[in-house]
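Observations on chain architecture
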Amino acid sequence: MTVSKDKVVVSIRDLHKYFGSLEVLKGIDLDVMRGEVVVILGPSGSGKSTLLRCVNLLEKPTKGEIWFEDNLITDPKSNVNKTREHIGMVFQSFNLFPHLTAKRNIMLAQRKVLKRSKEEAERIAIQQLEKVGLSDKIEYLPAQLSGGQQQRVAIARALAMDPHVMLFDEATSALDPELVRGVLDVMRELALGGMTMMVVTHEMGFAREVADRVVFMDEGVIVEQGTPAEVFDNPQSPRTQDFLGHIT
Amino acid sequence: MTYVRVAVFSLLFVLLLGSLLIAFPQSAEALETESVTATRNEDGGTDIIGGKPTRLSWEGRVGNNEKVMQIVINFPEGCELADDAYLFLQEVIMDDPMHPRPDNAVKHEYELTQESLIINFTDGLRPGNKVIIQVYGFQFPAITADYYITGTYVDDKGLSHILKEYSRPVSVIGGTALENFLVWLSERDWVKAWNSNAFCNSFLNPVRAVASVPTLFGGWLISVALVALGFPLAIPVGLGISFLRMSKLWILRFLSSIYVNVIRGTPLFLQIYIAFLGLPLFISGMDNFTTGFIVLALNSSAYLAEIFRAGIQSIHKGQFEAASSLGMNGIKTMFFVIIPQTVRRVIPTMTSEFILLFKDTSLLAAVGVFEMMMFAKIQSNISANITPYVVAAGFYLLVTLPLTRVISVFEKKLAATDGKEAPPEDKKKKKPETKRVGLFKTTVPAAVNQDTGNG
Ligand SMILES: Nc1ncnc2c1ncn2[C@@H]1O[C@H](COP(=O)(O)OP(=O)(O)OP(=O)(O)O)[C@@H](O)[C@H]1O
Ligand SMILES: [Mg+2]
């Protein structure tokens, strides 16, 4: 983690999100620096997923600003697809394309979005699959892979786009316990490699070990944030204490 | 001036005279053949087929100054008579040319053989009268040729004359291999026994069945061509409509839903009538076939639109999100991610839609498109037998049964792979809510907040 942290990659200012009359995010301010790993914790329904999904505009913020590098992406005039090219996202349910092999899953957006040549896209796909330890599953269909393998393909697929930031929304929650580790290893590896990451997870061990910063959310607001040591060992807010008390 | 008037009057006079002459043609001096015709055979086509019973008609006119005591008609070589052949004779009394009086009770004796027909008139045919001679159960040779009927007659002075040869021959088509086979078939004992049962004869007459196969096959090809052109046309139209149905713009959704609901809410039969009466008013030069497959395509596009829409909406919303998060726009997402997955799911329903459309080609018979149903109807009418319809049913099944099989194979495959594809969190946490849409099961995305936390 020797990467310089002076540059802000994602900057969120007074972000509000309503679903109908339900206010899910109630004014979020958050900066994520280059190379920083921010782990977002919080009880179910606190708005963690919504926050991540706002960052790549899968949800449209109701109010507030989100800057991605030098672009105000909440500006209606900004190009959503262009922004998303540089923001990788990994979902709880993997969302691999079931009709394509692992390799083709990774090649598709490279070819259609980044307009890479077939050869280059293929080379990168194989390289990324090797990185996540699946060089023997290149031609497998998603249905032929275990959940953990599918999730690693999904990570490889996002990484092939050369993202500037990676969003992980409970990437391991759908996995059988014995498969969780392989995915977390890949994520740890990625963090060590200097990737900027926003991670929603319930894996406290991972958060403590990998996070540069832990953000605790509840009912649509950031209640507390700090280093893992600060938040885990010495939580200030009663809500954080309560949450961590239930977990451990 | 007067010169012109005279010219006009004389012209009118000439015209009047001319028309009178046409109306009352001058009677000839001797018995003349006025026409020789044969009716088409009972089972089809406009051709007179050799080797099969037909009705030979001979008409002539007695000369002005003679009576006709005997007529001899010589048949071409190789003609035959059916067992139940008989003669019909009529003298048309022309005393008042404006009101010819038919007389069916001419006193006569006759001798009918394969070579000739000899008729002796007890009182003679009177001058100027017409005579109509019809031989039922007459068979021309089964050789394609133009046949001339010749003959002689004897007048009241006992003089024999040659009948002037009628200039128009009877054109006969020689029996085809099929015709000959049908004759052979109809003479089999088992066929006769089978046909002696009224039900078997009406519905499953072997001779009628074989006889109808060639024409019905032609009609079947047209029916197949109608769907083969109509259905592929319906697919892109239906896909386009399904996109409009899911559009963000309410006006597009509104218009496309009108299209879909009107077409699905009214009978195709009615749409066919509207199109066949309406389209020619606006587009000239559209033949029945083209109009036919276009109506079928438009009709089917509405059903396909709903099939596609259901198919696309059955794709887990995570697929759209994954594609979006990779920077793919809506069109790329549709064509590279959603549609390829939808195709597999909609193939069974699309196939049954194809089957429906194929059967619906039969409705076009009502507006004169020569497809299989039309031919079956013609065949049935001329033979007064239901068998051609039964054969047509077989031809429809030739397409629909294998396709029905295809559907069930695909459905089994789908059922086998669908489970594997379901997002794992559905398996572990929430039971996927399945419902029937059309013929196939779809997994409906779980509720909005699918990330069930365990915090
Ligand atoms: N598309 C939506 N429409 C309506 N309400 C929504 C939608 N998405 C989320 N919500 C609501 O917003 C609130 C926050 O949801 P969110 O998924 O962000 O929570 P979370 O912190 O990720 O919870 P979990 O730990 O269970 O994943 C919840 O009350 C949820 O029901
Ligand atoms: Mg969530």
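Below is a short write-up of the structure. In this text the structure is predicted, and so the values were computed from the model without any measurement.

Procedures and definitions
Residues numbered from 1 in each chain as written. Chains lettered and ligands numbered in written order. Predicted model: local features only at pLDDT ≥ 70, side-chain atom pairs only at ≥ 80, totals over all residues. Heavy atoms only, no water. Helix = DSSP H or I, 4+ residues; strand = E, 2+ residues; numbered from the N terminus. Buried < 20%, exposed > 50% of the residue type's maximum accessible area, 1.4 Å probe, protein only. Areas by Shrake-Rupley, 256 points an atom, 1.4 Å probe, with all protein chains shown as cover. Contact = heavy atoms within 4.5 Å. 1 Å grid on protein atoms, 1.4 Å probe; cavity = no way out; pocket = protein on both sides within 12 Å on 5 of 7 lines; lining within 4 Å. Points joined across faces, edges and corners; volume = space filled by probe spheres on them. Nonpolar A, V, L, I, M, F, W, Y, C, P; charged D, E, K, R; others polar. Axes fitted to C-alpha atoms, helices over the stretch in contact; angles between N-to-C directions. Left-handed = near helix turned anticlockwise from the far one by under 90°. Pairing = 2+ DSSP bridges. Salt bridge = Lys/Arg side-chain N within 4 Å of Asp/Glu carboxyl O. Expected span 1.5 Å × (residues − 1).

As a further point, take the overall build of chain B. Within chain B, the regular secondary structure consists of 13 helices and 15 strands. By the burial criterion, 42% of the 455 residues in chain B qualify as buried. Summed over all atoms, the accessible surface of chain B reaches about 24200 Å², with 64% contributed by carbon and sulfur.

Secondary structure summary: chain A contains 9 helices and 10 strands in total. Among the 248 residues that make up chain A, the fraction classed as buried is 58%. In chain A, once contacts between residues fewer than 6 apart in sequence are set aside, the share between residues at least 24 apart is 66%.

Another aspect to go through is the layout of surface pockets. If you roll a probe as big as a water molecule over the atoms, it shows you where there is empty space left. The calculated volume of the second largest pocket comes to roughly 820 Å³. If you go around the second largest pocket, you meet 23 residues; those closest to its centre are Lys248, Phe320, Ser324, Gly330 and Met334 of chain B. Counting residues per element, the ones that place at least two in the lining of the second largest pocket are α2 (80-85) of chain A together with α5 (206-245), α8 (288-313), α9 (317-325) and α10 (330-360) of chain B. Take the lining of the second largest pocket: its biggest share by element is 4 residues, from α9 of chain B. The class makeup of the residues in the lining of the second largest pocket is 11 nonpolar, 7 polar and 5 charged.

With that settled, the discussion passes to the packing of α5 of chain B against α10 of chain B. All names here are of chain B. α10 packs onto α5 with a crossing angle of 140° between their chain directions and a minimal axis gap of 11 Å. For α5 against α10, the interelement crossing comes out right-handed. Contacts between α5 and α10 involve Trp220, Ser223, Val224, Val227, Phe231, Ile235, Leu239 and Phe243 on the former and, on the latter, Met334, Ile339, Met350, Glu353, Phe354, Leu357 and Phe358.

Residues and elements named next belong to chain A. The mixed open sheet is built from 6 strands, whose spatial order is β6-β7-β8-β3-β9-β10. Looking at the sheet topology across the chains shown, the edges are occupied by β6 (87-90) and β10 (221-226). Taking the axes of each pair of neighbouring strands and ignoring which way they run, one obtains an average angle of 20° across the sheet. Strand direction decides the pairing type here: strand β7 (residues 165-169) and strand β8 (residues 197-200), joined by 4 bridges, are parallel.

Across residues other than glycine, the phi torsion is negative in most instances, and most of the peptide bonds are trans. Residue and element names in this part refer to chain A. Even without being glycine, aspartate 14 reaches a positive phi, approximately 50°. Secondary-structure assignment places aspartate 14 in strand β1 (residues 8-19). On the basis of relative accessible area, aspartate 14 is assigned to the partly exposed category, the value being 33%. Positive phi is not limited to glycine here, since glutamate 219 has a value of about 50°. Counting through the fold element by element, glutamate 219 comes out in the loop between β9 (213-218) and β10.

Bringing the pattern of salt bridges into the picture now. All told, the structure shown has 20 salt bridges over all chains when counted by the stated rule. As a salt-bridge pair, glutamate 69 of chain A and arginine 34 of chain A come within 3.7 Å of each other at their nearest N and O atoms. Taken together, the residues span a long stretch of sequence, with glutamate 69 of chain A in the loop between β4 (63-68) and β5 (71-72) and arginine 34 of chain A in the loop between β2 (22-33) and β3 (37-41) at a distance of 35 residues. Overall, the relative accessible area of 33% leaves arginine 34 of chain A in the partly exposed class. In the salt-bridge network here, residues are joined through shared partners; they are Arg53 and Glu59 of chain A together with Lys317 and Glu321 of chain B.

Bringing the sheet that holds β5 of chain A into the picture now. All names here are of chain A. As summarised here, the arrangement of the 4 strands in space is β2-β1-β4-β5, forming an open sheet in which the pairing is antiparallel. Single-partner strands in this sheet number two, and they are β2 and β5. Bridge analysis of β4 against β5 gives 2 bridges, and the strand direction is antiparallel. Bridged to tryptophan 67 within β5 is leucine 72. Strands in contact with helix α1 (residues 48-55) are β1, β2 and β4; relative to β1, the strand with the most contacts, it is inclined by about 120°.

The next point concerns helix α5 (residues 147-159) of chain A. Because each turn of an α-helix spans 3.6 residues, side chains separated by three or four positions in sequence point in the same direction. For α5 of chain A, which comprises 13 residues, the first-to-last C-alpha distance of 18 Å matches the rise-based estimate of 18 Å (1.5 Å per residue) to within 8%. Among the 13 residues in α5 of chain A, 13 count as buried, and that is most of the element.

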